[in-house]
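A closer look at the structure
Here are the chains, one letter per residue:
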Amino acid sequence: MLVTFVLGMVLIIRGWMMTGQMAGLGLMLVGVALILTTLYLYNARFADRKKQ
């Protein structure tokens, strides 16, 4: 999880530095997707297994 979080942050920062370019937007979107995936994986461990 640490690797996906750090990689996501690196991609977001790298994309932000490419302001005005479509490739920068793509990098930032991939970075956000990685961070959201990391959050999902982290929270999945604490999810309530019983549905009522």
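As a reminder, the structure under discussion sits directly above these lines.
Quick look at the structure, then. (Residues numbered from 1 in each chain as written. Predicted model: local features only at pLDDT ≥ 70, side-chain atom pairs only at ≥ 80, totals over all residues. Heavy atoms only, no water.)

Along the backbone of the protein there are 2 helices and 0 strands. Reported as C-alpha extents along the three principal axes, the dimensions of the protein are approximately 50 × 20 × 10 Å. Counting across all 52 residues of the protein, residues that qualify as buried make up 13%. Considering only contacts within the protein whose residues lie at least 6 apart along the sequence, 40% involve residues at least 24 apart. With an accessible surface of roughly 4500 Å², the protein has 72% of that area assigned to carbon and sulfur atoms. (Helix = DSSP H or I, 4+ residues; strand = E, 2+ residues; numbered from the N terminus. Buried < 20%, exposed > 50% of the residue type's maximum accessible area, 1.4 Å probe, protein only. Contact = heavy atoms within 4.5 Å. Areas by Shrake-Rupley, 256 points an atom, 1.4 Å probe, with all protein chains shown as cover.)

Turning next to helix α1 (residues 2-16). Each full turn of the α-helix corresponds to 3.6 residues, which orients residues three or four apart in the same direction. Between its terminal C-alpha atoms α1 stretches 21 Å, which fits the 21 Å expected from 15 residues at 1.5 Å a residue. Taken as a whole, α1 has its buried residues at Gly8, Leu11 and Gly15. Here the buried residues of α1 occupy an arc of 65° about the axis, which is enough to place them on one side. Turned more than 90 degrees off the buried face of α1, the exposed positions are Leu2, Val3 and Trp16. Elements that come into contact with the buried residues of α1 comprise α2 (22-44). (Expected span 1.5 Å × (residues − 1). Arc of directions from axis to C-beta.)

Another aspect to go through is α2. Look at α2: 33 Å from first C-alpha to last across 23 residues, which is about the 33 Å you get at 1.5 Å a residue. By the burial criterion, the buried members of α2 are Gly24, Gly31, Ile35 and Thr38. Packing partners of the buried residues in α2 comprise α1.

Without other data, these values stay purely geometric and don't point to any function.
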